[in-house]
Amino acid sequence: MAPTDWKISSLAERPDMLERVYGMADSWPEYVLQDPVGWAHFPRIAAELPQYVLFAEDERGEVVANAYSVPFALDAAGRGELPARGWDAVLLWAFSDLRRGVRADTVSAISVSVAPHAQGLGLSGRMLTAMRDNARALGFREVVAPVRPNAKHLEPRTPMDEYARRVRPDGLPHDPWMRVHARAGAVVHSVAPASMTVSGSLEQWREWTGLPFDTAGDVEVPGALVPVRCEPERGYAVYVEPNVWMRHPL
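Every value quoted in this text rests on a predicted model; they were computed, and no experiment measured them.

**Q** For this particular structure, what's the right way to read the pairing of strand 4 (residues 106-114)?
**A** Regular strands place side chains that alternate from one sheet face to the opposite one. The buried fraction of strand 4 amounts to 9 of the 9 residues, a majority that puts the element mostly inside the structure. Sheet topology note: the strand 4/strand 5 (residues 142-147) ladder contains 2 bridges and is parallel. Residue pairing across strands places serine 108 opposite valine 144, the latter belonging to strand 5. Between strand 4 and its parallel partner strand 5, the chain crosses via helix 4 (residues 123-137), and the hand of that crossover is right-handed.

Printed below as a string of structure tokens:
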């Protein structure tokens, strides 16, 4: 369908759509959903910050994409720099600021998801643009994004610093999702080396991935941006995901 046929709204405008937005099918790997910071805070965005949750409907009224972001105070005491703990840190900052009544000065992207059957139609870029427009309309001058490069999983052992700086002959990023951000006006700022941390027992990792997790060392897992560290003698495995901070001036 043509982009003009997508109707984009916020949950603040359409609170009746909460369950349909939250229940939209997506393609996140199961283990990513086990990040404890995300588990605790992601559902709160729709409940407490509905003006920062956008969704797209097709001509039948089916939700085909959503975009979550959060406001936070980057210039608050003890901050000032985009955090090395990326996605996890910005969620913690946002809800700490909300609880304490701290005035936000920046919006961070949290996720852009497109329903599997609607992928490849340009919806991710459209939702990113809508997120930028929404932040501008709410009075902000910058959006930042702890980007999860969507082709990095194809080369999990390449250092993220090296991958993030890789560009095509036209100067745009090598990675497709980073390229969408760049075309929208973003620039690469830094790598967040520990943007998301997922730890679990070996049995949990076997359940999440279908892999044996019985050998010590680095385990390559489908969809993971870097290998998962497996410690059989200690009975656990840990995934520490790096992301790439990109900044969108508005």
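**Q** It is not clear to me how the pattern of salt bridges should be interpreted in this structure. Could you clarify?
**A** When their charged atoms lie close together, side chains carrying opposite charge are able to pair. Counting across every chain of the model gives 19 salt bridges. Among the ionic pairs, aspartate 97 bridges to arginine 100, the shortest N-O distance being 3.6 Å. Residue aspartate 97 and its partner arginine 100 are both found in helix 3 (residues 86-100); the two are separated by 3 residues, about one turn of the helix. Residue aspartate 97 is classed as buried on the basis of its relative accessible area of 2%. Looking at arginine 100, the relative accessible area reads 52%, which means it is exposed. The salt bridge partner of aspartate 170 is arginine 168, with a shortest N-O separation of 2.5 Å. Arginine 168 sits in the partly exposed class, given a relative accessible area of 28%.

**Q** Sorry, what's going on with the side chain of histidine 181 here?
**A** Residue placement: histidine 181 occurs in helix 6 (residues 176-183). On the accessibility criterion, histidine 181 (2% relative accessible area) is buried. Not counting chain neighbours up to four residues away, the residues in contact with histidine 181 comprise Leu128, Ala145, Val147, Ala186, Met246 and His248.

**Q** Just checking my understanding: could you explain helix 7 (residues 202-209) for this structure?
**A** For an α-helix the count is 3.6 residues per turn, leaving residues at separations of three or four pointing the same way. Considered for burial, the residues of helix 7 that qualify are Leu202, Trp205 and Trp208. Relative to the axis of helix 7, the buried residues are bounded by an arc of 125° and lie together on one face. Of the residues in helix 7, the exposed ones pointing more than 90 degrees away from the buried face are Glu203 and Glu207. Those residues of helix 7 hidden inside the fold are in contact with strand 6 (187-201), strand 8 (228-231) and strand 9 (236-249). Looking one or two residues beyond helix 7, the residue adopting positive phi is glycine 210, at roughly 75°.

**Q** It is not clear to me how the layout of surface pockets should be interpreted in this structure. Could you clarify?
**A** In this approach the atoms are scanned with a rolling probe the size of a water molecule, which exposes any empty space left behind. Looking at the largest pocket, its volume works out to about 1,200 Å³. Lining the largest pocket are 48 residues, and of these Asp26, Trp28, Ser111, Val112 and Ser113 sit closest to its centre. Secondary-structure elements contributing two or more residues to the lining of the largest pocket are helix 1 (18-22), helix 2 (36-48), strand 3 (63-72), strand 4, helix 4, strand 5, helix 6 and strand 9. Across the lining of the largest pocket, the residue classes break down as 30 nonpolar, 14 polar and 4 charged. Volume-wise, the second largest pocket comes out at about 200 Å³. Every residue lining the second largest pocket is listed: Leu74, Asp75, Arg103, Ala104, Asp105, Thr106, Leu138, Gly139, Phe140, Arg141 and Glu142.

**Q** Quick question: what am I supposed to make of the environment of glycine 210 here?
**A** Among the structural elements, glycine 210 can be located in the loop between helix 7 and strand 7 (217-219). Since its relative accessible area comes to 63%, glycine 210 is described here as exposed. The spacing of glycine 210 and valine 221 is 11 residues in sequence and 9.5 Å in space, taken between C-alpha atoms.

**Q** Hey, could you run me through unusual backbone geometry in this one?
**A** Across the chain, the bulk of peptide bonds are trans and the bulk of non-glycine residues have phi less than zero. The backbone of phenylalanine 213 sits at a positive phi, close to 45°, despite the residue not being glycine. Here phenylalanine 213 is to be found in the loop between helix 7 and strand 7.

**Q** Looking at this structure, how should I read the packing of helix 2 against helix 3?
**A** When two helices pack together, their arrangement is given by the angle between the helix axes and the distance between those axes. Running from N to C, helix 2 and helix 3 point in directions that differ by 50°, and their axes come no closer than 10 Å. Classified by the angle their axes make, helix 2 and helix 3 are oblique. Between helix 2 and helix 3 lies a crossing whose hand is left-handed. Counted together, Val37, Gly38, His41, Phe42, Arg44, Ile45 and Glu48 of helix 2 and Trp87, Asp88, Leu91, Leu92, Phe95 and Leu98 of helix 3 form the full contact between these two elements. For the contact of helix 2 with helix 3, the per-class residue count stands at 8 nonpolar, 2 polar and 3 charged.

Rules behind the numbers
Residues numbered from 1 in each chain as written. Predicted model: local features only at pLDDT ≥ 70, side-chain atom pairs only at ≥ 80, totals over all residues. Heavy atoms only, no water. Buried < 20%, exposed > 50% of the residue type's maximum accessible area, 1.4 Å probe, protein only. Helix = DSSP H or I, 4+ residues; strand = E, 2+ residues; numbered from the N terminus. Pairing = 2+ DSSP bridges. Right-handed = clockwise from strand over helix to strand, strands pointing away. Salt bridge = Lys/Arg side-chain N within 4 Å of Asp/Glu carboxyl O. Contact = heavy atoms within 4.5 Å. Arc of directions from axis to C-beta. 1 Å grid on protein atoms, 1.4 Å probe; cavity = no way out; pocket = protein on both sides within 12 Å on 5 of 7 lines; lining within 4 Å. Points joined across faces, edges and corners; volume = space filled by probe spheres on them. Nonpolar A, V, L, I, M, F, W, Y, C, P; charged D, E, K, R; others polar. Axes fitted to C-alpha atoms, helices over the stretch in contact; angles between N-to-C directions. Parallel < 35°, antiparallel > 145°, perpendicular 65-115°, else oblique. Left-handed = near helix turned anticlockwise from the far one by under 90°.

By themselves these figures say nothing about function.
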